[in-house]
Amino acid sequence: MAGHASKEIDSNTLWGGKISPFSTSYGKLMMWFFLVSDALTFSGLLVAYGFTRHACLDAWPIGEETFNSMPFLGHGYPLLYVALMTFILIVSSVTMVLAVEAGHRMDRKGVTKWLIATIIGGFFFVGSQAWEWSHFIHGSEFGKVELTDGSQAIVKGHFGEIENFKVLEAGKHHKKGDVITEDLLHEFHHAVVAGNVENGIITLHDGSKAKVNKKADHGMSLVIKKDGGTHKVGDVIPESKACDMYYEAVNSGTPSRVIYGANLEQNEYGPQQYGQFFFFITGFHGFHVFSGVIINIIILMGVISGTYHKRGHYEMIEKTGLYWHFVDLVWVFVFTFFYLV
Amino acid sequence: MERDDIIEYSLDVHHSEEHGKLLRKKIWKVTALLTAITALEVILGSQIKQSSDYWQVIKWLFIGLTLIKAAYIVLIFMHLGDEKKTLKYMVLVPYFIFISYLIYIIIVEALAVSDAWTQNAV
């Protein structure tokens, strides 16, 4: 197998023509073959995404509007977190190249140092992707609203903060007159989806009823994403009517007039396939990053124990480096076609 | 027993510390280039909205820049540019032929489907 000179096989059995094809080792060639096949798999997924998107052009969400949050900082930072993730992955690719270069000089300490940096970068990326998923699943403050004519719209504008709930009717945990100040948005969202908000009165989990005291929203507008009886995809409903139409749905008492976030069936951002492609493509890619990190850790253990140094070359680092660069390459394309364009 | 008939290509790539310095400089230069391109893409992406007149230009610029980034990663980071020409072509040419054709077919179909759906929509 690749890596070190074999003492058992004679050269006529190994390579009939005396030299190996392309003057490269078996292992490296096979890694390239694997990478081409995996590249075709990802390309197939991205092309399928392209097809679905072009078939639903007007209803498809705009990348910089869906992804505009930073951890701990809230929203208003279009595409910044995804750009940071791209930067982290590119830098981890660079540390990998540096590890390979150190291997070519038989510099064991250098290889160890750069390989550890690559592994850390990889973990940061997977962690960031996990945060992105969690944020996507959780959803925005407004969610997506179904209007009276059956059309669906996303909401733009600034959500006025909920100040408190004032309990009007007692339930199992709250007495009349209690003022609740914790977990407000969370309870509000749950209640809206369940149809438990009517005329500004929310029915809480314990059965008590409370008045919602909320600051006014401003700059609201609705953008239609699914055709209904009167409104068509692409229509924009201005502030004058948007607020009333949105709160009509919120206060209707009918469940699921407003939905938040994403689940296996629907998402608040656009057509069903949007969520499905998001989870599948980024998930499949994230799985590749994760497996790459595990492989890097295993190889790191080999470097530390001196296996490759004894062998006389660090070609194994080069081969895992190829896999790691491939993972970065796929991300560059996913970033462009999913988030940017 | 020493084998004298096996060519250990893995050992051919070893280089000295001085040569290593030059290589590292090149690696950092390419890193700076990739970072700059990504930064440009993000700034343009967040400033120029999809509704603007320039969107088509920007969109194709993104795709072009991404292909440039990909070329640098494959040829320099993955060392495909240093391999034998035949290997380079063997990896890249079939891939590009397949993918270009696939993209063309898919976009044509998707636009046809989109037209059909919007015409049939009530």
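Computed from a predicted model, the values in this text were never measured in an experiment.

### Some thoughts on the domain arrangement of chain A
Residues and elements named next belong to chain A.
So, point 1. Taken as a whole, chain A is organised into domain 1 (35–139 + 273–340) and domain 2 (144–263).
So, point 2. Taken over C-alpha atoms, the centre of domain 1 sits 38 Å from the centre of domain 2.
So, point 3. Top contributing element to the side of domain 1 that touches domain 2 by residue count: helix 5 (residues 108–138), with 3 residues.
So, point 4. Looking at the side of domain 1 that touches domain 2 residue by residue, the classes come out as 3 nonpolar, 3 polar and 1 charged.

### A closer look at the pairing of strand 10 (residues 218–226) of chain A
So, point 1. Pairing geometry for strand 4 (residues 152–158) of chain A and strand 10 of chain A, over 6 bridges, is antiparallel. Within strand 10 of chain A, the residue paired with histidine 158 of chain A across the bridge is histidine 218 of chain A.

### Considering the interface of chain A and chain B
Many analyses report the size of an interface as the accessible area lost when the parts associate.
So, point 1. At the junction of the two partners, chain A supplies 50 residues and chain B supplies 55 residues.
So, point 2. If you list the elements that add at least two residues to the side of chain A that touches chain B, you get helix 1 (11–14), helix 2 (26–55), helix 4 (80–104) and helix 10 (315–340) of chain A.
So, point 3. The class makeup of the residues in the side of chain A that touches chain B is 28 nonpolar, 15 polar and 7 charged.

### Notes on the sheet that holds strand 11 (residues 236–237) of chain A
Within a sheet, neighbouring strands are paired by backbone hydrogen bonds and run either parallel or antiparallel to one another.
Residue and element names in this part refer to chain A.
So, point 1. Strand order across the open sheet formed by 5 strands is 11-10-4-3-12, with antiparallel pairing between neighbours. The open sheet has two edge strands, strand 11 and strand 12 (258–259), and neither has a second partner.
So, point 2. As paired elements, strand 3 (residues 144–146) and strand 4 share 3 bridges and run antiparallel to each other. Pairing of valine 145 across the sheet is with alanine 153, part of strand 4.
So, point 3. Against the sheet, helix 7 (residues 239–250) engages strand 3, strand 4, strand 10, strand 11 and strand 12, with an angle of about 70 degrees to strand 10.

The rules behind these values
- For every chain, the first residue of the written sequence is number 1, and numbering continues from 1 onward in sequence order.
- Just so you know, chain letters begin at A and ligand numbers begin at 1, following the order they were written in.
- The predicted nature of this model means local features are confined to residues of pLDDT at least 70 and side-chain atom pairs, given and counted, to a pLDDT of 80 or more, with totals for whole chains, interfaces and linings taken over all residues.
- The split into domains, and so the bounds of each, comes from an automatic or database assignment of domains.
- Each helix is a run of H or I in the DSSP string that is no shorter than four residues. Each strand is a run of E no shorter than two, and both are numbered from the N terminus.
- Note on residue classes: Ala, Val, Leu, Ile, Met, Phe, Trp, Tyr, Cys and Pro are nonpolar, Asp, Glu, Lys and Arg are charged, and everything else, Gly too, is polar.
- By the convention used here, strands pair only if DSSP detects at least 2 bridges between them.
- Residue pairs are scored as contacts if the distance between their C-beta atoms, which are placed from the backbone, is within 7 Å.
- Geometry is summarised by axes, namely lines fitted to C-alpha atoms with helices restricted to the contacting stretch, and by angles between N-to-C directions that run from 0 to 180 degrees.

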